[in-house]
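Read off the chains here:
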Amino acid sequence: MAIVAHVDHGKTSLVDQLLRQSGHFARGELHGQFIMDSNPLERERGITILAKNCAISYTDVAGKRYHINIVDTPGHADFSGEVQRVLKLADGVLLVVDAFEGVMPQTRYVLARALEMGLKPVVVLNKMDRPEIRPDEVLLEVFELMVELGADNEALDFPVLYASAKEGWATLSDMQWPPPGGGNIHPLFEAIIEHVPVADLDPDAPLQAQVTTLDYNDYVGRIGIGRVFAGTLLAGEEVALIDRQGQTTIQKVAQLFRFDGLGRKEVRRVDTGDLFAAVGLEHVDIGVTIAAVEHPVPLPPMSLDEPTLHMVFRINDSPFSGKEGTSVTARQLRDRLKLELQTNVAMRVEDKGDEFVVSGRGLLHLGILLENMRREGFELSVGKPRVIFRSENGVRTEPIEFLTLDVPNEYMGTAMELLGDRRAELSRMENRGLRTHLEYTVPARGLIGLAGRMMTATHGEALMHHRYHCYGPYRGPIGGRNSGVMIATETGAVTAYALDQLSDRGLMFVQPGDSCYMGQVVGEHCKPNDIPVNVVRTKKLTNMRSSTKDATVVLKAPRRLTLEGALEYIEDDERVEITPKSIRIRKQYLLDSDRRRHAKNSPGE
Ligand SMILES: Nc1nc2c(ncn2[C@@H]2O[C@H](COP(=O)(O)OP(=O)(O)OP(=O)(O)O)[C@@H](O)[C@H]2O)c(=O)[nH]1
Ligand SMILES: [Mg+2]
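These numbers come from a predicted model, not from an experiment. (Residues numbered from 1 in each chain as written. Chains lettered and ligands numbered in written order. Predicted model: local features only at pLDDT ≥ 70, side-chain atom pairs only at ≥ 80, totals over all residues.)

With that out of the way, let us pick up the pairing of strand β21 (residues 380-383). By the alternation rule, side chains of β21 split into L380 and V382 and S381 and G383, which are all buried. The sheet contact formed by strand β18 (residues 309-315) and β21 spans three bridges and is antiparallel. Of the residues in β21, the one forming a bridge with R314 is S381. Across four bridges, the pairing between β21 and strand β34 (residues 574-578) is antiparallel. Across the sheet, residue V382 finds its bridge partner in β34, namely V576. (Buried ≥ 20, exposed ≤ 12 C-beta atoms within 10 Å, placed from the backbone. Helix = DSSP H or I, 4+ residues; strand = E, 2+ residues; numbered from the N terminus. Pairing = 2+ DSSP bridges.)

A word on the site of ligand 1. Around ligand 1, a shell composed of 20 residues is seen, among which G10, T12, I47, T48 and G75 lie nearest. At three residues, helix α1 (residues 11-20) tops the list of elements feeding residues into the shell around ligand 1. The residue inventory of the shell around ligand 1, partitioned by class, reads five nonpolar, nine polar and six charged. (Near = placed C-beta within 6 Å. Nonpolar A, V, L, I, M, F, W, Y, C, P; charged D, E, K, R; others polar.)

With an omega dihedral of -10 degrees, the bond running from W177 to P178 counts as a cis peptide bond. Here P178 is to be found in the loop between β7 (169-171) and α7 (186-195). Even without a glycine there, the phi angle at R423 is positive, about 65 degrees. By the element assignment, R423 lies in the loop between α10 (412-421) and β25 (425-432). Even without being a glycine, H459 presents a positive backbone phi close to 50 degrees. Mapped onto the fold, H459 is located in the loop between α12 (450-457) and β27 (463-473).

Hydrogen bonds between backbone groups are what pair the strands of a sheet, and the pairing can be parallel or antiparallel. As summarised here, the arrangement of the seven strands in space is β2-β3-β1-β4-β5-β6-β7, forming an open sheet in which the pairing is mixed. A single partner strand is all that each edge strand has here, and the edge strands are β2 (52-59) and β7. The mean angle between the axes of side-by-side strands here comes to 30 degrees, regardless of whether they run parallel or antiparallel. Strands β1 (2-5), β2, β3 (65-72), β4 (92-98) and β5 (120-126) of the sheet are contacted by α1, whose axis makes an angle of about 155 degrees with β3. Most of the contacts of helix α5 (residues 135-148) go to β5, to which it runs at about 155 degrees, and overall it touches β4, β5 and β6 (160-164). (Axes fitted to C-alpha atoms, helices over the stretch in contact; angles between N-to-C directions. Contact = placed C-beta atoms within 7 Å.)

Taken by themselves, the reported measurements are silent on function.
In structure tokens, the structure reads:
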């Protein structure tokens, strides 16, 4: 089973309950919440970043035992490619839909992919414990979406469960929830067993297995994770590894694992239909086929997502370099990026000696890498994210995203204007009572920095989601940030006195006591031009008694930039300095004279 849904609809929470209530774990073996979101960043952000496997042994009421492989998938659109690959592993999908939010862009995407692959969904309306739910409408939305996506009659006859992953129950009844006595998650297990067909694969055919995911560990190198589609995969036996270009090498699987509970168990063989993790294969990669030596026939290739966005990574050469991090050299940066390439299949790195052009699927995709690097002690500086243009038949194309927006009617005008400025084209508009639902296609370029402005323009009321749609013709220039910045002229500790003097010039990014350096961006100017400011200035001591009371200066709270917020904020001549402790924005050229010189001969976009 693959569990798929829009972001935050409760996939991981449901897997948690399935694990907990499977009856195969000792008390205390499963710690805390969100067991599957095992890496610290996933826990902190409350999102799933990597698809993860677990396998549950389940004994049904009749005493029959099942081994159910479950893959929890990420809901954020940047990771869609991973979801698509993971679906290859599955015989069925649990389509989770928030019973309040209903069908969202990513619901549509994952369902479309599942139906394309002939997988029949089991629909779970989740969060039924919430007060504002509208299950009947949401069910209708799911049904209409299936019809629109061309589902056949069999798929349209999908089973529906009403569930609360939070409270740990699921029920088939659309009349009574929570179920009498509090209920449990077993109806979901029963539905999986009843409705997910066991794949019709041939155990006697020559071996054919395919790798869909990569894992890595320092001791054994790359680990290929995938599924056996025909025959049996045996440890220690010779196999033919066929890569994406069709080249075949004869190798042996050194160690073979099967998924078991939350971990993996070493085995001698993995049978048809089951999932495996294989150690010891050279050049193992996404999409390779592992086949019988005497019958080396590749399985259909797997599409890989092409990157749509790139950023330039460089060592941190600010005056504060090396103060907060432990890994600061270009060599360390290079090694770390190489390591990332071992498993991060949607990422590309171009090594230019003293800088690296890193490409990925979106701001979140690359932001996660940067966030992980900070935690590992890295310091680096990163330039403005840029979309990757292509040329198709002589036409310049760019990534276009599909965007949905839900706004209260009174803000509709402002929101539409904002999108219009960013070359968005309206494709659908629907009034839903007090709110309006809008659908757009918009250049990915136009989305950079949009979220913040949309929130300000709608007083935090807009609900906006977007996902990659296609490469389409270039839509023309889009204006940059409409405010200038304040640039520090001196290095030192920021004073309250100085900030107070600047309070009517704009919004500060620093607060008293912070260290800052010349050329650092310390605030946003309320006008479109950049201005130099002295934020370390102290009050001259005089013998005269001042009549104004300045001992207690009341300052506006500074705007604290998040990593992604800062990346979205910067312009071409700026960089984000990232260290384990700080996120700072700086001018590329710290000296005013250098900035002037380069401003003259910069091309601009
Ligand atoms: N009230 C309520 N909240 C729930 C329920 N299920 C999940 N949540 C909450 O919804 C949020 C998202 O849950 P997750 O399980 O992380 O969702 P997800 O689909 O795995 O999210 P991604 O992996 O980021 O796509 C969390 O704050 C959960 O506590 C539910 O049944 N009821
Ligand atoms: Mg999750």
